[in-house]
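# Breakdown of the fold
Now for the letters of each chain:
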Amino acid sequence: MIRNYLKIAWRNLAKNKVFSLINILGLTIGITVCLMIFLFIMNEFSVDRFHTKKENIYRVMRVFGKDDEVPYLSMPYAGALKNDFPGEIKEAVRVMTTNGLVTLPNKTSFDEKKVYITDEGFFTLFSFPLLKGNPATALADPSGVVLTESTARKYFGNADPMGQVLQLDKDRQFKVTGIAKDVPVNSHLDFDLVLPLSIYANDEFTKVWLNNNSFTYVELANKASVARLNASFPQFMEKYMGDQMRKSGMKVGLSMRPLEEIYFEHHSTFDNVRHGDRSIVFIFLSIAVLILVIACINFMNLSTIRALERSKEVGLRKVMGALRNHLVWQFIGESILLTLVSCVLAVGLLSVLMPTYNQLLGYELLVSWKSWPVYGFLAGVILVVGFLAGSYPAFVLSGFSPIQALKGKLKLGRAGATVRQGLVVVQFCISVILVIGTIVIMKQMDFVKNTSLGYDKEHTVLVKIDNNDLYNNRYSFRTDLMNIPGVSSVSLASGEPGGFFDGHMFEVEGQQDAQRTRTVFGDFNYVKTYGLKIIAGRDFSPEFPTDTMGSVLINKTAAAKLGFTPDEAVGKWIRNTFRDSLRRHIIGVVADFNFLSLKENMDGLVITPNEDMRVAAIKLQAGSIDRVLPLIKKAYEKAAPSYPLSYHFLDQQFDELYKTDLRQQKILTIFSSLAIFIACLGLFGLASFTANKRMKEIGVRKVLGSTTSNIALLLSRDLLKPVAIATAIAIPVAWYAMDSWLQNFAYRTAVTWKVFALAAFLIFIIALATVSFKAVRAALMNPVRSLRSE
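Residues numbered from 1 in each chain as written. Predicted model: local features only at pLDDT ≥ 70, side-chain atom pairs only at ≥ 80, totals over all residues. Heavy atoms only, no water.

Secondary structure summary: the protein contains 25 helices and 22 strands in total. Here the protein holds 790 residues, and 51% of them are scored as buried. Taking the contacts inside the protein whose residues are at least 6 apart along the sequence as the reference set, 80% of them involve residues at least 24 apart. Carbon and sulfur atoms make up 58% of the accessible area of the protein, which totals about 36,000 Å². (Helix = DSSP H or I, 4+ residues; strand = E, 2+ residues; numbered from the N terminus. Buried < 20%, exposed > 50% of the residue type's maximum accessible area, 1.4 Å probe, protein only. Contact = heavy atoms within 4.5 Å. Areas by Shrake-Rupley, 256 points an atom, 1.4 Å probe, with all protein chains shown as cover.)

So, about the packing of aromatic side chains. Under the criterion given, the structure shown has 31 aromatic pairs. Geometrically, the ring pair formed by Tyr200 and Phe205 is edge-to-face, given 5.4 Å between the ring centres and 70 degrees between the ring planes. A ring pair is formed by Tyr526 and Tyr530, whose centres lie 4.9 Å apart and whose planes are at 55 degrees; its orientation type is tilted. Taken together, the residues Tyr526 and Tyr530, both in helix H15 (residues 526-530) and four residues apart, mark about one turn of the helix. Here the guanidinium or amino end of Lys572 rests over the ring plane of Phe564, the centre of that ring lying 5.2 Å away. (Phe/Tyr/Trp six-rings, centres within 6.5 Å; stacked < 30°, edge-to-face > 60°. Lys NZ or Arg CZ within 6 Å of the ring centre and 35° of its normal.)

Between side chains of opposite charge, a pair can form as their charged atoms come close. The final tally for this structure, using the stated rule, is 26 salt bridges. With a closest N to O distance of 3.0 Å, Asp160 and Lys132 form a salt bridge. Linking Asp160 in the loop between helix H5 (149-156) and strand S7 (165-168) with Lys132 in strand S5 (residues 130-132), this pair joins segments that are 28 residues apart in sequence. Given the relative accessible area of 44%, Asp160 is considered partly exposed. Overall, the relative accessible area of 36% leaves Lys132 in the partly exposed class. One salt bridge in this structure joins Arg153 and Glu149, with 3.8 Å as the shortest N-O distance. Highlighted residues: Arg153 and Glu149, both in helix H5, separated by four residues, approximately one helical turn. We classify Glu149 as partly exposed; its relative accessible area is 22%. Each of Asp111, Lys113 and Asp466 takes part in one network of salt bridges that share partners. (Salt bridge = Lys/Arg side-chain N within 4 Å of Asp/Glu carboxyl O.)

Turning to the pairing of strand S6 (residues 144-148), a few remarks are in order. Burial within S6 is extensive, with five of its five residues counted as buried. Alternating positions in S6 separate into two faces, Gly144, Val146 and Thr148 on one and Val145 and Leu147 on the other, with burial throughout. As paired elements, S6 and strand S8 (residues 172-180) share five bridges and run parallel to each other. Note on S8: the bridge partner recorded for Leu147 is Ile179. (Pairing = 2+ DSSP bridges.)

Our next topic: the nonpolar core. Membership of the largest hydrophobic core comes to 109 residues, with the highest contact counts inside it found for Phe40, Phe428, Ile436, Tyr526 and Ile607. Considering each element in turn, this core owes the most residues, 15 residues, to helix H12 (residues 414-450). Sequence-distant contacts of Phe40, defined by excluding residues within four places in its chain, comprise Ile280, Val281, Phe284, Tyr357, Leu361, Tyr363 and Leu365. Of all hydrophobic cores here, the second largest spans 27 residues; its members include Phe85, Ala224, Val252 and Met256. (Core = buried A, V, L, I, M, F, W, Y, C linked by side-chain atoms within 4.5 Å.)

The next subject is the pairing of strand S9 (residues 193-196). Along S9, one buried face is formed by Leu193 and Leu195 and the opposite face, lined by Val194 and Pro196, is buried too. For strand S4 (residues 109-118) and S9, the ladder comprises four bridges, and the chain directions are parallel. Across the sheet, Ile117 pairs through a bridge with Leu195, a residue of S9. Direction of pairing for S6 relative to S9: antiparallel, over a ladder of two bridges. Across the sheet, Leu147 pairs through a bridge with Leu193, a residue of S9.

Time to look at the packing of helix H14 (residues 474-482) against helix H19 (residues 625-639). Here H14 crosses H19 at 155 degrees, and the two axes come no closer than 10 Å. On the basis of their axis angle, the class for H14 and H19 is roughly antiparallel. Where H14 crosses over H19, the two elements pack in a sense that is right-handed. Contacts between H14 and H19 involve Phe477, Asp480 and Leu481 from the former and Ile632, Ala635, Tyr636, Lys638 and Ala639 from the latter. Grouping the constituent residues of the contact of H14 with H19 by class yields six nonpolar, no polar and two charged. (Axes fitted to C-alpha atoms, helices over the stretch in contact; angles between N-to-C directions. Parallel < 35°, antiparallel > 145°, perpendicular 65-115°, else oblique. Left-handed = near helix turned anticlockwise from the far one by under 90°. Nonpolar A, V, L, I, M, F, W, Y, C, P; charged D, E, K, R; others polar.)

A few words now on the sheet that holds strand S12 (residues 460-464). Overall, antiparallel pairing links the four strands, which are arranged S13-S21-S12-S22 in an open sheet. The sheet is open, and its two borders are formed by strand S13 (487-493) and strand S22 (647-649), each paired with just one other strand. Ignoring which end each strand starts from, the neighbouring axes of this sheet average 20 degrees apart. Pairing analysis gives three bridges linking S12 to S22, with the strands arranged antiparallel. From the neighbouring strand, Val463 faces S22, where its bridge partner is Tyr647.

Next up, the structure:
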């Protein structure tokens, strides 16, 4: 029986090629988009879940206030946690991220950016598989190093890397003791080399409690309680940090972050690991469902409007003894068969589009589209979509009266037309919402890109001070740069706008409690190089010898947080409780500039002359870039001859800060376009049906003198009514959704009526072009052809 149903279904699909083509095209596109998003969601939610076989792994977070959390701890925490909670914490592993110059025996050098320095339990706590070596002992030897397979291949080609010797930063020799499989993209941890932390066992920084140098991961015992540990942490912090906290005025706590939640946490913007946005996952999931709904509505609409064509078939089959449930299963079988064909085409299309899709995402999806979850998903789509899209037409068609159907007097009622128009309204509601979403995201990205940031980001080259040679020669490097024609100024600082700005505690004149605010350590050229504006007081100056040890600049927001106007702040004393033994005086206030992402509110900033230099900012004269860059490279080679120069421009920070949003904008634009295309396929089918149904009416009107334009307008007007209704319904829904999305940005564009007018205009023009083609063609037809049967 099933075989007979399939044969009949295939025959009917082949008989109605245009109908089948429109449906297959719409479903294929919809299923392809759903597959893409399904792979993306699988990849996002599998982050870190498959990289450890243990359940109770947490990252210990340091907490300032109620919700200000940072993932960095200092080295002593791990040992103290294991010692103080022996029955609850089984293992503690520290991970310090760094970079280094790796030199091979043949003198070839590589500047590696992804170097991890960890405790020897790293490969037993996490299940990053070792292709060679023992996970339990690979890092036991202080001179051992574990390489990823791609790094080993880069260093040694096809030779066996085990036991090979390499040098790190010109002063330490290491022997390869393990080869790890390349780290998958859906791991928040990412490394190329792993070194044992025991190489620093005698270094002073490993004993300092006030430091931001490592992550601390703990494995809890089965009987351990996270709530009980969190309740015990205040006593733990009082034991080890009580005196320091009282001295600095700082209040610090600890919390536990489950491993699988790290990827989606929003507190750790600058923790050098990969993060995702849970809201984006749900947005993409919603888009997939909506696009598939549009494709299903197409099928339902086109199936019901073909009811008259198939009415005699239904009547004849009923006369011949077919029961209604037989007819229902026949039509649902046609729907499932059509969905099956669409799924096969979608898999083929996806295999072609995967490289482009990976490029849009910015990384390669780890989940293979050939894996069993994908085919399980496809089976679900075939069944759900097949039944969803086929059920309504099946019950409508199977319910025809055989007598009326065979006499050819069957007519579709007003209720059927209302349902069809309602489905078109739903389709275009979805399309309008997606178009408005795309416009708002593009507008916001343009707003962010063109917003005045309060500093001059043009013609500024940034060079990281990330090796000892450059750090030791930083002042001679700055002098050499200043002597290059075309260089306006050079500043050495602990961070650049868009980078990392740590929070420190400050005692302030007139304030009883210490205040926590952001800080940056910079030289006397900081204000000039970044083009900041002094609004009160003065800048640092070599003419004032006390500026180095006795002065700071603050921004306008910091002055307000400290309780001063800019003019009142000048002359007040302030002391960094972490860094300064003596008070400094505020000598100037700079206008607020966006040193953080525009997703964050403006924060206070203290600019202090200090030795903590991590980046050199080189301001160039306009038009001198091509000429000056080779000279910068020459100065760098003089300061750090063993290291390759790595630089980027300050205006490129925008792409780094908002690269995820920019990719989302591109993907949403593509998906919105596909949604509109699928909706227009259905509208085109509806226009074809309407034109055929009113063919004799059109002929009569032409005979009575109606012009082609009048008839085309008549047909288009009726077809565009659902589009207009959909637009009116979708606008408030889209406004609410995009207003919620914009709350992610502290600085956001205004969503004015022009956005909705543009979206409505675009949808109207696209829909008009779709229906006009069929309407004009029907209006141009010779009336003799449509009336001669009368």
